[in-house]
Number of protein chains: 2
Amino acid sequence: MASIRDYLFDTAFLDQSIDYLAEAHNLAVTVVDSEGMAVASRQPEGHDTPASRAYPFRFPSNIGGIVCAAPDPARLDQAEPHILYCLAALNSQLLRETELQETTEEMLQLASQMNFLVKVAKKIIGIDDLKKCYQIILEEIATATKADQGFIQTKGRWGEEIRVTHRMTEEEVAANRQSANLQRSASGSTIICTREDGASLLYSPIKEKKGLSGQMLFIRTGDHRAFSASEKQLVGIIENIISPTFETLRLYDSLQDLYLNTVKALAAAIDAKDEYTHGHSFRVAKYALAIGGELGIDSQQLNDLEIAGYMHDLGKIGISELILSKPGKLTSEEYCLIQKHPVFTDKILQPIKLPAHILDGATQHHERMDGTGYPLGLAGADISLFGRIIAVADVFDALTSKRPYRDALPVEEALRTLCEGIDTLFDREMILAFISALRSDRSKEVLGAINIVLRHDDLQNLNQFLIELTAFAMNANRN
Amino acid sequence: MASIRDYLFDTAFLDQSIDYLAEAHNLAVTVVDSEGMAVASRQPEGHDTPASRAYPFRFPSNIGGIVCAAPDPARLDQAEPHILYCLAALNSQLLRETELQETTEEMLQLASQMNFLVKVAKKIIGIDDLKKCYQIILEEIATATKADQGFIQTKGRWGEEIRVTHRMTEEEVAANRQSANLQRSASGSTIICTREDGASLLYSPIKEKKGLSGQMLFIRTGDHRAFSASEKQLVGIIENIISPTFETLRLYDSLQDLYLNTVKALAAAIDAKDEYTHGHSFRVAKYALAIGGELGIDSQQLNDLEIAGYMHDLGKIGISELILSKPGKLTSEEYCLIQKHPVFTDKILQPIKLPAHILDGATQHHERMDGTGYPLGLAGADISLFGRIIAVADVFDALTSKRPYRDALPVEEALRTLCEGIDTLFDREMILAFISALRSDRSKEVLGAINIVLRHDDLQNLNQFLIELTAFAMNANRN
Ligand SMILES: [Fe+2]
Ligand SMILES: [Fe+2]
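What counts and how
- Residues numbered from 1 in each chain as written.
- Chains lettered and ligands numbered in written order.
- Predicted model: local features only at pLDDT ≥ 70, side-chain atom pairs only at ≥ 80, totals over all residues.
- Heavy atoms only, no water.
- Helix = DSSP H or I, 4+ residues; strand = E, 2+ residues; numbered from the N terminus.
- Polar contact = N/O pair within 3.5 Å; in protein donor to acceptor, adjacent residues only side chain to side chain.
- Contact = heavy atoms within 4.5 Å.
- Phe/Tyr/Trp six-rings, centres within 6.5 Å; stacked < 30°, edge-to-face > 60°.
- Buried < 20%, exposed > 50% of the residue type's maximum accessible area, 1.4 Å probe, protein only.
- Lys NZ or Arg CZ within 6 Å of the ring centre and 35° of its normal.
- Donors = N, O, S within 2.8 Å, 3.2 Å for Na, K, Ca; no water.
- Tetrahedral: all angles 85-135°; square planar, octahedral: opposite > 155°, others 65-115°.
- Domains from an automatic or database assignment.
- Pairing = 2+ DSSP bridges.
- Axes fitted to C-alpha atoms, helices over the stretch in contact; angles between N-to-C directions.
- Core = buried A, V, L, I, M, F, W, Y, C linked by side-chain atoms within 4.5 Å.
- Expected span 1.5 Å × (residues − 1).
- Least-squares fit on C-alpha atoms with pLDDT ≥ 70 in both.
- Salt bridge = Lys/Arg side-chain N within 4 Å of Asp/Glu carboxyl O.
- Nonpolar A, V, L, I, M, F, W, Y, C, P; charged D, E, K, R; others polar.
- Parallel < 35°, antiparallel > 145°, perpendicular 65-115°, else oblique.

Asker: I'd love a proper account of the side chain of Thr248 of chain A, names of residues and values included.
Answerer: Tracing the backbone shows Thr248 of chain A in helix α7 (residues 229-271). At 2.7 Å, the side chain of Thr248 of chain A and the backbone oxygen of Pro244 of chain A are in polar contact. Not counting residues up to four positions away in its chain, the partners in contact with Thr248 of chain A are Thr245, Thr248 and Leu249 of chain B.

Asker: Kindly report on the packing of aromatic side chains, identifying the contributing residues and their values.
Answerer: Inspection of every chain in the model, using the stated rule, returns 14 aromatic pairs over all chains. Considering the side-chain rings of Tyr85 of chain A and Tyr85 of chain B, the 6.2 Å spacing of their centres and the 85° angle between planes classify their relative orientation as edge-to-face. Highlighted residues: Tyr85 of chain A in helix α3 (residues 73-124) and Tyr85 of chain B in helix α3 (residues 73-124), drawn from two different chains. Residue Tyr85 of chain A is classed as buried on the basis of its relative accessible area of 3%. Cluster of aromatic residues (ring-pair linked, three or more members): Phe13, Tyr20 and Tyr85 of chain A together with Phe13, Tyr20 and Tyr85 of chain B. In this arrangement the basic side chain of Arg220 of chain A is found over the ring face of Phe227 of chain A, its NZ or CZ atom lying 4.5 Å from the centre.

Asker: So, the coordination of the iron ion (ligand 1): which residues are in play, and what are the values?
Answerer: Ligation of the iron ion (ligand 1) by protein atoms is provided by Asp313 of chain A (OD), His341 of chain A (NE2), His365 of chain A (NE2) and His366 of chain A (NE2), these donors lying 2.2 to 2.4 Å from the ion. Geometry at the iron ion (ligand 1) is irregular, judged from the four donor atoms that bind it and their angles of 80 to 160° at the metal.

Asker: Give me the domain arrangement of chain A: which residues, what numbers.
Answerer: Partitioning chain A into domains gives domain 1 (4-96), domain 2 (129-248) and domain 3 (253-475). Distance from the C-alpha centre of domain 1 of chain A to the C-alpha centre of domain 3 of chain A: 92 Å.

Asker: Just give me the short version of the sheet that holds strand β4 (residues 65-70) of chain B, but keep the residues and values in it.
Answerer: All names here are of chain B. Strand order across the open sheet formed by four strands is β2-β1-β4-β3, with antiparallel pairing between neighbours. Strands at the two margins of the open sheet, each flanked by one partner only, are β2 (38-42) and β3 (51-56). Averaged over all neighbouring strand pairs, the angle between strand axes comes to 15°, with direction disregarded. Of the pairings in the sheet, the one linking strand β1 (residues 28-32) to β2 comprises four bridges and is antiparallel in character. When the bridges of β2 are listed, Val29 appears paired with Arg42. Against the sheet, α3 contacts β3 and β4, and its axis sits at roughly 20° relative to β3.

Asker: Residues and numbers for the nonpolar core, please.
Answerer: Counting residues in each nonpolar core, the largest one holds 199 residues, and the members touching the most others are Met311 and Leu415 of chain A together with Met311 and Leu415 of chain B. Contacts of Met311 of chain A, omitting those with residues within four sequence positions, involve Tyr259, Val263, Thr345, Leu349, Leu354, Ile358 and Ala362 of chain A together with Thr262 of chain B. With 60 residues, the next largest nonpolar core counts Val29 and Ile63 of chain A together with Phe13 and Leu14 of chain B among its residues.

Asker: Give a detailed account of helix α9 (residues 299-311) of chain B, specifying residues and quantitative values.
Answerer: Since the α-helix advances by 3.6 residues per turn, residues separated by three or four positions end up pointing in the same direction. Compared with an ideal rise of 1.5 Å per residue, which puts 13 residues at 18 Å, α9 of chain B spans 18 Å between its outermost C-alpha atoms and is within 8% of the ideal. The buried fraction of α9 of chain B is high, at 10 of 13 residues. Of all the positions in α9 of chain B, only Leu302, Asn303, Asp304, Leu305, Glu306, Ile307, Ala308, Gly309, Tyr310 and Met311 of chain B are classed as buried. For α9 of chain B, the elements touching its buried residues are α7 of chain A together with α7 (229-271), α8 (280-294), α12 (341-349), α13 (356-363) and α14 (385-399) of chain B. Taking the backbone nitrogen of Gln300 of chain B as reference, a side-chain oxygen 3.2 Å away marks Asp298 of chain B as the first, capping residue of α9 of chain B.

Asker: Go over the coordination of the iron ion (ligand 2), please, and point to the residues and values.
Answerer: All names here are of chain B. Those donors, Asp313 (OD), His341 (NE2), His365 (NE2) and His366 (NE2), are the protein atoms that reach the iron ion (ligand 2), and they lie 2.2 to 2.4 Å from it. Each of the four donor atoms around the iron ion (ligand 2) contributes to a set of angles spanning 81 to 162°, which defines the coordination as irregular. The sequence pattern formed by the donor residues of the iron ion (ligand 2) is D-x27-H-x23-H-H. Note that Asp313 is positioned in the loop between α9 and α10 (321-324) and His341 in helix α12, a separation of 28 residues in sequence. Among the residues examined, His341 registers a relative accessible area of 2% and is labelled buried.

Asker: Before we move on, can you summarise the side chain of Asn240 of chain B with the specific residues and values?
Answerer: Inspection of the secondary structure assignment puts Asn240 of chain B in helix α7. Residues in contact with Asn240 of chain B, not counting those within four places in the same chain, are Val118, Ala121 and Lys122 of chain A together with Lys207 of chain B.

Asker: Any chance you could break down the pairing of strand β6 (residues 161-166) of chain A for me, citing the residues and the numbers?
Answerer: Residue and element names in this part refer to chain A. Side chains Ile162, Val164 and His166 project from β6 onto a buried face, and the interleaved Glu161, Arg163 and Thr165 project onto a face without burial. Where strand β5 (residues 149-155) lies against β6, six bridges are found, and the strand directions are antiparallel. Counterpart to Phe151 in the pairing with β6 is Thr165.

Asker: Now, about the relation of the copies chain A and chain B: what can you tell me, with residues and values included?
Answerer: After a rotation of 180° and a shift along the axis of 0.0 Å, chain A superposes on chain B with an RMSD of 0.4 Å. Taken together, the rotation and translation relating the two chain copies correspond to the operation of a two-fold axis. A share of 99% of the interface residues of chain A reappears at the interface of chain B, consistent with the copies meeting face to face through the same patch.

Asker: Just give me the short version of the interface of chain A and chain B, but keep the residues and values in it.
Answerer: Tallying the contact residues gives 74 residues for chain A and 73 residues for chain B. Scanning the region where chain A abuts chain B turns up two salt bridges. At the level of elements, α2 (12-25), α3, α7 and α10 (321-324) of chain A are the ones that each hand at least two residues to the side of chain A that touches chain B. With 25 residues, the single largest contributor to the side of chain A that touches chain B is α3 of chain A. Residue classes in the side of chain A that touches chain B are distributed as 43 nonpolar, 18 polar and 13 charged.

Asker: Please set out the packing of α2 of chain A against α3 of chain A residue by residue, giving values where relevant.
Answerer: Residue and element names in this part refer to chain A. Running from N to C, α2 and α3 point in directions that differ by 170°, and their axes come no closer than 11 Å. Classed by the angle they form, the pair α2 and α3 counts as roughly antiparallel. Here Phe13, Leu14, Ser17, Tyr20, Leu21 and His25 of α2 lie close against α3, whose contacting residues are Arg75, Ala79, His82, Ile83, Cys86, Ala89, Leu90 and Gln93. A breakdown of the residues in the contact of α2 with α3 according to their chemical character gives nine nonpolar, four polar and one charged.

Asker: Which residues make up the pattern of salt bridges, and what values do they have?
Answerer: All names here are of chain A. Summed over all chains, the structure comprises 42 salt bridges over all chains. For Arg250, the salt bridge is made with Glu208, and the minimal N-O distance between the two is 3.1 Å. Highlighted residues: Arg250 in helix α7 and Glu208 in strand β8 (residues 200-208), separated in sequence by 42 residues. The exposure classification of Arg250 matches that of Glu208, with both residues buried. A salt bridge links Arg388 to Asp427; its shortest N-O distance comes to 2.7 Å. Remark: Asp427 occurs in the loop between α15 (411-420) and α16 (428-439) and Arg388 occurs in helix α14 (residues 385-399); sequence separation between them is 39 residues. It is possible to trace a salt-bridge network through shared partners that takes in Arg53, Asp77 and Glu80.

Asker: I'd like to hear about the environment of Asp257 of chain A, residue by residue, with values.
Answerer: Residue and element names in this part refer to chain A. Note that Asp257 resides in helix α7. Judged by its relative accessible area of 12%, Asp257 is buried. Those residues in contact with Asp257 that sit more than four places away from it in its chain are Arg157 and Trp158.

Asker: So, unusual backbone geometry: which residues are in play, and what are the values?
Answerer: Across the chain, the bulk of peptide bonds are trans and the bulk of non-glycine residues have phi less than zero. Here Tyr374 of chain A and Pro375 of chain A are connected by a cis peptide whose omega angle stands at 5°. Mapping Pro375 of chain A onto the fold places it in the loop between α13 (356-363) and α14. Despite not being glycine, Asn26 of chain B shows a phi value in the positive range, around 55°. For Asn26 of chain B, a relative accessible area of 34% puts it in the partly exposed group.

Asker: Any chance you could break down helix α8 (residues 280-294) of chain A for me, citing the residues and the numbers?
Answerer: All names here are of chain A. Between its terminal C-alpha atoms α8 stretches 21 Å, which fits the 21 Å expected from 15 residues at 1.5 Å a residue. Inspection of α8 places His280, Ser281, Arg283, Val284, Ala285, Tyr287, Ala288, Ala290, Ile291 and Gly292 among the buried residues, and these make up the whole buried set. Residues of α8 that are buried sit in contact with α7, α9 (299-311), α14, α16 and α17 (443-448). Where α8 terminates, the next one or two residues include Gly296, which has phi positive at roughly 80°.

Next comes the structure, spelled out in structure tokens:
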């Protein structure tokens, strides 16, 4: 049921028109809706009106019209030029009103898109993680378009896949990745389509400087209203305007990777000088990451922990290889010099504006919980988290590596030795985390670093041993 | 002079109204503008019209009205209800028309802001230089707001100032930096104001995650039309939406700096192992930068050249310090091993995805123009640009440094020795560039690296010497 009253922002002129026809022409006037029901009427007093004529409004179509009635057709004939002018005025009014409403809607939509852009920009400012940034974009678009599900699939720093999902299972993502529409969207166009179950799907390509790098998919299952052209447009605008940030994040990400690998390569070169420490920094970083991962440290911090691991023995550049790999007993002077390597590490790294937690991690790996370590004799929580982690990783690698004066210890023995140092030398929590990492699915990866290829039996035995060791470590040295 | 015809998008209804009044009421009708001039009129044939009345349009104000004329006032009286209704219809029409035009304008403005944002985003995508990026933003805003001058002043990676200007001299920038309005804008609000000479000024703060980081200023001198509210709004929107890109660029920039400094610190640690190479990599990087700068290499490439300079002797980690700093003559075996250091550098850096020009620069510094160098025996242009630059820098530092078997050579002698190797050992262009750098204002800075504090006389003498040497180097070894 459409009525002219729904179309007019201000109905004053409609009322004025009815009054004019009723008063100036002595007509009974009724405005009717599309179904002929009266929505307004004016009838001169004591009026008998057997003759009547209907005049429909023209635009927008089917919103009713004006019915004029009079005692006889002659009076209607006489009034007709006036009625027609009145109708023309109302039609003209309706036309402008409709245009105004459409333009207002378009303007409000643009304004809300602009606000949305500003809001999204404020949310992603300063976030240095590509995946986290995409997750925010995904959630924001899903909310703005009232999508029930969605995913973004794109490329990271070295072209590797980045995928973020919004209320979507791996199976659903996999099913949609087979879709022909995703292929079409991958060729550069945004597509809205309807799935067999009635859900509306919106596919959109993600561009980067060098071309297409991925796709977004949004699904509206709930109320089954299809995505609109303006929602499609919004997604396109966001994608366009946010992409410089992503491009820069990709650059940042690849430089982070380069940094990590450069430090790793240099550490490896330093380790390689002494056959007994070959691969030491690499393994220490690996064990440190296993501990950090078990502690739930976030990925950015794990990246920093890895760097600290690679850097921890840099100071050995400053010590003659004659002393470092001397086969016999060291003189007390030589021993003193070796103990200085964390100080040298600090000296080398000091001029760099390295984040403090990395520097502390690298230079405190010989500090011990009871304050008997070096170079500063820090104790307990005064030793940084990274320092306590790398201490455990460092000693574990030393024990499981061959030395001029002894063979490499088996993993079990090395762990038992570490446990004996709980609270006095090492942080209990770090040792428990390390044991826990060895028990987890990652154990092969972690132990793979020490080239001990464990047979299935060994793994079983190791697991049993680790369970017992955990119980021991939980209570070791408590009195 | 305002006329209703300028306000109506479509004048069909105006014509219809005139016709109606003329035909249905037998009136002479004239539509007049704000100055009483006729813009349309309709006059029944053979009509005498001594009686007339004017009906002004109501909104927008002062756009004229309708003048109705008839043979006698009685006919005007009789027609008046119809004339008034007709006037009401036109007034109502004008009201909507005005709203429509305002909304359309607002909508078009938003649409053009959106297009502008997309355009700017496309321009800055993939640009990894903070200053270049700000320069683009400055030019784009200046063009969009028709500003004649402008500058952006903000902070870089470590809080250092970044300044870009648009058709503004240093003096003008300095004068504006004293301005109280700049201080007000620095407190967070965008300001439009008029300068004494009538120019319009638009100040806007630049935000970053942690607060305000700078300001923009745009000046319109030419036509002296003041900046509009919508231009002010545009600048604010751009600033908001582009800021995540800048924030990320700042991160990227600081990581670039960290990377450079880390490599520098490690190179310094390696050099420090041998008292005779103390500071070698630092100086080589400095000389290489002087040559590169003289060749007009861009700042990003200079950054890479500096990195290559720090890395060029990394491979010495793999060579025993006993050989490196052996005072006597080396055995041929030892000499062979020393010659392997670029191969070791390559081996260390190979696993890193380092840009090829950095890796080549670091590993080819002992290649010689005639192919007699090592490790690959490359010749001429087969040696990379960075390799040819670092070769000159490396030899210059070796010659001007003390060795166990000789004193440091004076700068003049070292340069003469280099010149003797033009075309056979070294690239003429690199040597000319180096001499040119020493002659320039930067000479003190460059030579400062070798701890030769030159007195004024020496500098004068050196300059004369360099002029002669340039002439010599231009023609040396040509036949
Ligand atoms: Fe150590
Ligand atoms: Fe070298």
